[in-house]
Amino acid sequence: MYSVTFEHVNKRFLGANDQALDDVTIQIEEGEFVTILGSSGCGKTTLIKMVNRLLEVDSGKITVMGEDIRSQDPVSLRRRIGYVIQQVGLFPHMTIEENIKVLPKLLGWDRGKMDAGVDQMLSLVALDPEEFKKRYPAQLSGGQQQRVGLARALVTNPGLMLLDEPFGAIDAINRESLQNELKRIHAGSRATYLFVTHDIREALKLGSKVLIMNQGRVIQYDSPRQVLDNPADDFVCSLLATLRNGRDTLTDGEGI
Ligand SMILES: Nc1ncnc2c1ncn2[C@@H]1O[C@H](COP(=O)(O)OP(=O)(O)O)[C@@H](O)[C@H]1O
Ligand SMILES: [Mg+2]
């Protein structure tokens, strides 16, 4: 079964001249680690937010685990899908432990299961539970907060994770270690990840498939190897050229 499908999905924001998503059709297999790559404004965040219905399609259809998401209650849909964003969004007045327990509480987990979940998830993202769980978000570095954001999204073991530039604000060293943690966590699960980045190197390193977008369209959806060996068009070639030139990120408004 496919984890996520898009069928001729279109989205244009009110007052915008161009489509944010232009006839997007993709089929994502279960267990895939899909990295979504493209320059700023090409529609990556829009694509992700349609999957958990933070945004609605103008036309077309999206399915999650074979079901049309329009026939599902958005709140219960979101509870089944992990969501991590660059801004992390931890509740500042709650401890790390309380932050991780928000969704388990809503789902009615018993105390023992929640406590075990917190310890297990913090260990998974390489934070010592005893040292960190009673702290508040402001008492953590940016990279540590990102790890907690991941732990919080993973604690209910969702079969689908949406990650929107989760390491965007992290320095190179912490980023490298978070990438490795995430790759390891994914490998130990059967979950499907949709991971947005504008870092070409990150996309090729993490993805089992890379989805390349430009101006609201899907340009290529292939393994990293295929992207490198058979770039779909001049746009993908120019992306790879920037990589060879020793640069690995797309900057805002880059005209490629
Ligand atoms: N809420 C919104 N209202 C109007 N336009 C928007 C809104 N959100 C995004 N857009 C526009 O849609 C396009 C795609 O945006 P986005 O999906 O955020 O791009 P990306 O995540 O790839 O940087 C951009 O042109 C952006 O300005
Ligand atoms: Mg974005």
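Residues numbered from 1 in each chain as written. Chains lettered and ligands numbered in written order. Predicted model: local features only at pLDDT ≥ 70, side-chain atom pairs only at ≥ 80, totals over all residues. Heavy atoms only, no water.

Next up on the list: the overall build of the protein chain. If you tally the helices and strands in the protein chain, you get ten helices and ten strands. For the protein chain, whose C-alpha radius of gyration is 18 Å, the value lies close to the compact-globule estimate of 18 Å for 256 residues. Referenced to the eigenvectors of the C-alpha coordinate spread, the extents of the protein chain come out at roughly 55 × 45 × 35 Å. Residue burial in the protein chain is summarised as follows: out of 256 residues, 48% are buried. By element, 48% of the accessible surface of the protein chain is carried by carbon and sulfur atoms, the whole surface being about 12100 Å². Each charge class in the protein chain can be summarised by its mean position, and for the 30 positive and 34 negative side chains these summaries are 4 Å apart. (Helix = DSSP H or I, 4+ residues; strand = E, 2+ residues; numbered from the N terminus. Rg over C-alpha atoms; globule rule 2.2 N^0.38 Å. Buried < 20%, exposed > 50% of the residue type's maximum accessible area, 1.4 Å probe, protein only. Areas by Shrake-Rupley, 256 points an atom, 1.4 Å probe, with all protein chains shown as cover. Lys, Arg positive; Asp, Glu negative; His and termini not counted. Charge placed at Lys NZ, Arg CZ, Asp CG, Glu CD.)

Moving on, we get to the site of ligand 1. Around ligand 1, the surrounding shell consists of F13, A20, S39, S40, G41, C42, G43, K44, T45 and T46. Between ligand 1 and G41 there is a distance of 2.7 Å, counted from an oxygen atom to a backbone nitrogen or oxygen. Contacts to ligand 1 include C42, whose backbone N or O atom sits 3.2 Å from an oxygen atom. With the chains in place, 54% of the 560 Å² that ligand 1 exposes on its own is no longer accessible. For the shell around ligand 1, the per-class residue count stands at three nonpolar, six polar and one charged. (Near = heavy atom within 4 Å. Polar contact = N/O pair within 3.5 Å; in protein donor to acceptor, adjacent residues only side chain to side chain. Nonpolar A, V, L, I, M, F, W, Y, C, P; charged D, E, K, R; others polar.)

Another aspect to go through is the pattern of salt bridges. All chains considered together, the criterion is met by 18 salt bridges. In this structure, K134 and E97 form a salt bridge, with 2.6 Å as the shortest nitrogen-oxygen distance. Highlighted residues: K134 in the loop between helix 5 (129-132) and helix 6 (142-154) and E97 in helix 3 (residues 96-106), separated in sequence by 37 residues. The class of K134 is exposed, set by a relative accessible area of 57%. E130 is the partner of K133 in a salt bridge, and the nearest nitrogen-oxygen pair spans 3.6 Å. A single network of salt bridges, built from pairs that share partners, joins E97, K101, R111, D115 and K134. (Salt bridge = Lys/Arg side-chain N within 4 Å of Asp/Glu carboxyl O.)

It is worth spelling out unusual backbone geometry at this point. One non-glycine residue, M65, lies in the positive phi region at around 50°. Tracing the sequence through the fold places M65 in the loop between strand 4 (59-64) and strand 5 (67-68). Residues other than glycine seldom take positive phi values, yet E165 does so here, at roughly 45°. Tracing the backbone shows E165 in the loop between strand 7 (160-164) and helix 7 (172-187).

To continue, consider the packing of helix 3 against helix 4 (residues 111-124). Viewed as axis vectors pointing N to C, helix 3 and helix 4 meet at an angle of 125°, and their least axial separation amounts to 10 Å. Judged by the angle between their axes, helix 3 and helix 4 are oblique. Viewed along their axes, helix 3 and helix 4 form a crossing whose handedness is right-handed. Across the interface between the two elements, I96, E97, I100, K101, P104 and K105 of helix 3 pack against R111, M114, D115, V118 and L122 of helix 4. Taken together, the residues of the contact of helix 3 with helix 4 break down into six nonpolar, no polar and five charged. (Axes fitted to C-alpha atoms, helices over the stretch in contact; angles between N-to-C directions. Parallel < 35°, antiparallel > 145°, perpendicular 65-115°, else oblique. Left-handed = near helix turned anticlockwise from the far one by under 90°. Contact = heavy atoms within 4.5 Å.)

Next up on the list: the environment of Y136. Its location among the elements puts Y136 in the loop between helix 5 and helix 6. For the pair Y136 and K113, spaced 23 residues apart in the sequence, the C-alpha separation amounts to 22 Å. Residues within four places of Y136 in sequence aside, it is in contact with P92, H93, M94, T95 and I96.

To describe a pair of aromatic rings, one takes the distance between the centres and the angle between the planes. All chains considered together, the criterion is met by three aromatic pairs. With centroids separated by 5.8 Å and ring planes inclined at 55°, the aromatic side chains of F33 and F195 adopt a geometry described as tilted. With F33 in strand 3 (residues 33-37) and F195 in strand 8 (residues 192-197), this pair connects stretches of sequence that are 162 residues apart. Accessibility assignment for this pair places F33 and F195 in one class, buried. The structure contains a cluster of three or more aromatic residues connected by ring pairs, namely F33, F167, Y193 and F195. If you follow K113 out to its NZ or CZ, it ends over the ring of W109, 4.2 Å from the centre. (Phe/Tyr/Trp six-rings, centres within 6.5 Å; stacked < 30°, edge-to-face > 60°. Lys NZ or Arg CZ within 6 Å of the ring centre and 35° of its normal.)

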